[in-house]
Amino acid sequence: MNKTLGKVVSIISNLVLVRIEGDVFQNEICFIFLGEEKLMAEVIKIIGDIAYVQVFESTRGLKPGSKVEFEGHMLEVELGPGLLSKNFDGLQNDLDKMEGVFLKRGLYTPALENDKKWAFTPLAKKGDKVIAGDWLGNVKENWLDHKIMVPFKFEGEYTVESVAAAGEYTINDVVATLKDKEGEIHNVTMVQKWPVKLAVKAYKNKPRPYRLLETGVRVIDTMNPILEGGTGFIPGPFGTGKTVLQHSLAKYADADIIIMAACGERANEVVEIFAEFPHLEDPRTGRSLYERTTIIANTSNMPVAAREASVYTAMTIGEYYRAMGLKVFLLADSTSRWAQALREMSNRLEELPGQDAFPMDLSAIIAGFYARAGIVYLNNGQTGSVTFIGTVSPAGGNLKEPVTESTKKAARCFYALSQNRADSKRYPAIDTIDSYSKYLEYPEFIEYAKEKLDENWVEIVSEARNILIRGKETEEQINILGDDSVPIDYHVTLWKSELLDFVILQQDAFDKIDASTSLERQEYMLKKIVSITRSNFKFDNFEEVGIYFKRLINVFRQLNYTVFKSEDFNNTEREADAILEERIIK
């Protein structure tokens, strides 16, 4: 195939204008020749014979007249066995294969191991009718089943002509041959490519999320649940515990695959992920958590164009594993940096700016990306899912800025991190009153909760939220009027909300037991605490209220550090019940 050529006519930082000598299309990949180096770029706008391309590398030293070669395809990722336990950049270069402290410009490394052999087991047989996404075979990637599928690019129905016998093969060996309706034979290997900007749609149906994704974090699972295949985001100022919360979610969430996308983060934060993840123990298997994790790293000193590529690369890899019937959990930190990259390129293109100079279509771009998450029914009737949580780092903690507002419209869950809670060491610092989960309104989830938890689960959660709201309102009144200028009932209301806060909302991510709470335990503890808040207590003055509830909170906090239903748990619970008997009015 003859490639379209072009020449550089203008350079504006990472935006390069190229005069083309043939046909090109939107989002096509090209390489700009700079001496011995080839710089990868993507077409983002075409006007006449001028193509505007964003370069994924530094353009230092680039001059007008440089040769440009268009590749005839969009930005693609390689999909196949060997994606797990890897550290990639936004262009899917294997960072472990690169040398030196800084990435060398124009150096691209293969994402997968071409010479490694994988133990292949056939699943399809000759004569089977298959379509894109159907499973042809299986290989073991670490301890997970990695399905070899009909490539997503294949259209229509195919007949299996042959499938390789069980044995060891490299990713480039032919493991199956398929015949299309015209009788043409197509070879299938273990590896395929897919454009990152296009959603993978190799599934039968994509329903609304309906079943809970257990994370082990009480303030999420109990108060603002995220569902399998759902979307959420975590905005908050610096120092409010986003990183620890992400690590906790990655470690304890009920997911098969974890994908971490570090999008434009500071280098020291990315290094922290690289350093810690290989040593984290997977509580489900006792093995390394890294064995089922892929990290896409893009730091703030890399070119802005590569930030956008990193989130799309991560999502495409997630969709690939979803097509295998696996539960994928994708965490992106931080989508604010991605939005800043969009703003920078939009400004260079001299487009009409929106609020705070972000692109006018920022909401549509964010919504389109979040829409790629979801739970799907595959062609064989099994389910797979991509659950996505992105963090947002609004300047100065301003939750009214455009990125947060646009993300609010797209994501179903909103977990607002509070500086005040972080300063008072109430972790996780999610402000339950400001946060929400729209999934609590889904009829599908309400039915699921009735079946799996309690007939009135959503009502109990709503009651708990109201307790917190009343407690906050009462605290404000006490602060204005003074402790002794309000009725004792005000103090009781405040301390009931404090009991709920300390026992249910706060959690110790560094304790072996309290770090993750089972759904059975969450249900039991919420019902117990809510039943206490429904009770009436007898006090003679407001000083007694604080002293009494502090004793009660301390015992319940100890309860959180004991194994559920163990002898220690039962003894501590009896101690709490004895304290309740002292003041409760029957």
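Residues numbered from 1 in each chain as written. Predicted model: local features only at pLDDT ≥ 70, side-chain atom pairs only at ≥ 80, totals over all residues. Heavy atoms only, no water.

Engineer: Quick one: what's the story with the pairing of strand β5 (residues 50-55), residue by residue and with numbers?
Structural biologist: Among the six residues that make up β5, six are buried, leaving the element largely enclosed by the rest of the structure. With burial as the criterion, each face of β5 is covered, one bearing Ile50, Tyr52 and Gln54 and the other bearing Ala51, Val53 and Val55. Two strands pair when backbone bridges link them, and strand β4 (residues 37-47) and β5 are joined in this way by six bridges, in the antiparallel orientation. Each residue of the ladder has a partner; that of valine 43, found in β5, is valine 53. (Buried < 20%, exposed > 50% of the residue type's maximum accessible area, 1.4 Å probe, protein only. Helix = DSSP H or I, 4+ residues; strand = E, 2+ residues; numbered from the N terminus. Pairing = 2+ DSSP bridges.)

Engineer: Quick one: what's the story with the packing of helix α11 (residues 488-505) against helix α12 (residues 519-534), residue by residue and with numbers?
Structural biologist: One way to put it is that α11 packs onto α12 with a least axis distance of 10 Å and a crossing angle of 170 degrees. Considering the angle they form, α11 stands roughly antiparallel to α12. On α12, the residues that touch Lys496, Leu499, Leu500, Val503 and Ile504 of α11 are Met525, Leu526, Ile529, Ile532 and Thr533. Residue classes in the contact of α11 with α12 are distributed as eight nonpolar, one polar and one charged. (Axes fitted to C-alpha atoms, helices over the stretch in contact; angles between N-to-C directions. Parallel < 35°, antiparallel > 145°, perpendicular 65-115°, else oblique. Contact = heavy atoms within 4.5 Å. Nonpolar A, V, L, I, M, F, W, Y, C, P; charged D, E, K, R; others polar.)

Engineer: Summarise the sheet that holds strand β14 (residues 167-169); cite the residues concerned and give the values.
Structural biologist: By definition, the strands of a sheet pair up through backbone hydrogen bonds, in either a parallel or an antiparallel sense. Strand order across the open sheet formed by four strands is β12-β11-β9-β14, with antiparallel pairing between neighbours. Edge positions in the sheet fall to β12 (144-149) and β14, since each of these pairs with one other strand and no more. On average, each strand axis in the sheet is inclined to that of its neighbour by 40 degrees, with strand direction left out of account. Where strand β9 (residues 118-122) and strand β11 (residues 135-141) come together, three bridges link them in antiparallel fashion. Bridge pairing in β11 links phenylalanine 120 to valine 139.

Engineer: Before we move on, could you go through helix α10 (residues 457-481) and cite the residues and values that matter?
Structural biologist: With 25 residues, α10 should cover 36 Å at 1.5 Å per step; its first-to-last C-alpha distance of 36 Å lies within 8% of that length. Taken together, the buried positions of α10 are occupied by Trp457, Val458, Ile460, Val461, Ala464, Arg465, Ile467, Leu468, Gly471, Thr474 and Ile478. Structurally, α10 contributes buried residues whose contacts are with α1 (218-223), β25 (436-437), α9 (443-452), α11 and α12. Directly beyond the C-terminal end of α10, a positive phi value near 100 degrees is found at glycine 482. (Expected span 1.5 Å × (residues − 1).)

Engineer: Any details on the pattern of salt bridges? Residues and values, ideally.
Structural biologist: Should their charged atoms come close, side chains of opposite charge can pair. Scanning all chains against the criterion turns up 35 salt bridges. Here lysine 586 ties to glutamate 581 by a salt bridge, and the two come within 2.9 Å at their closest N and O atoms. According to the relative accessible area criterion, lysine 586 is exposed, its value standing at 81%. Counted as one network, the salt bridges with shared partners bring together Lys86, Asp94, Lys97 and Glu113. (Salt bridge = Lys/Arg side-chain N within 4 Å of Asp/Glu carboxyl O.)

Engineer: Provide a residue-level description of the side chain of asparagine 93, including the pertinent values.
Structural biologist: Checked against the element boundaries, asparagine 93 lands in the loop between β8 (86-88) and β9. Discounting chain neighbours no more than four positions away, the residues touching asparagine 93 are Asn87, Phe88, Met98, Leu107, Tyr108 and Thr109.

Engineer: Quick one: what's the story with the confidence of the model for the protein chain, residue by residue and with numbers?
Structural biologist: When pLDDT is averaged along the protein chain, the result is 93; 98% of the residues meet or exceed 70. Mean pLDDT across the secondary structure elements of the protein chain bottoms out at helix α3 (residues 267-276), with 71, and peaks at strand β22 (residues 374-377), with 98. (pLDDT = per-residue confidence, 0-100.)

Engineer: Talk me through the nonpolar core; I want residue IDs and the actual numbers.
Structural biologist: Counting 73 residues, the largest nonpolar core has Leu249, Phe277, Phe329, Leu526 and Phe556 as the members making the most contacts within it. Ignoring sequence-local partners within four residues, the contact set of leucine 526 consists of Thr222, Trp457, Ile460, Val461, Ala464, Leu500 and Ile504. (Core = buried A, V, L, I, M, F, W, Y, C linked by side-chain atoms within 4.5 Å.)

Engineer: Outline unusual backbone geometry, listing residues and values.
Structural biologist: Looking along the chain, the bond that leaves aspartate 333 and enters serine 334 is cis, with omega of 5 degrees. One can find serine 334 in the loop between β21 (327-333) and α5 (335-348). Residue tyrosine 427 is joined to proline 428 through a cis peptide bond whose omega torsion reads -5 degrees. Structurally, the position occupied by proline 428 is in the loop between α8 (419-423) and β25. Located in the positive-phi region is asparagine 27, a residue other than glycine, with phi close to 70 degrees. In this fold, asparagine 27 is placed in the loop between β2 (15-20) and β3 (28-34). The phi dihedral of lysine 565 is positive, around 65 degrees, even though this residue is not glycine. Here lysine 565 shows up in the loop between α13 (542-560) and α14 (567-583).

Engineer: Pulling in residues and values, what's your account of the packing of aromatic side chains?
Structural biologist: Here the structure, examined in full by the defined rule, presents 25 aromatic pairs. Ring geometry for tyrosine 320 against tyrosine 321: centres 5.5 Å apart, planes inclined by 65 degrees, an arrangement best described as edge-to-face. A relative accessible area of 1% places tyrosine 320 in the buried class. With a centroid separation of 5.2 Å and an interplanar angle of 85 degrees, the aromatic rings of phenylalanine 564 and phenylalanine 569 are classed as edge-to-face. Grouping aromatic residues by their ring pairs yields a cluster made of Tyr312, Trp338, Phe369, Tyr370 and Phe388. The ring of tryptophan 135 has lysine 147 sitting right over it, with the charged end atom 4.7 Å from the ring centre. (Phe/Tyr/Trp six-rings, centres within 6.5 Å; stacked < 30°, edge-to-face > 60°. Lys NZ or Arg CZ within 6 Å of the ring centre and 35° of its normal.)

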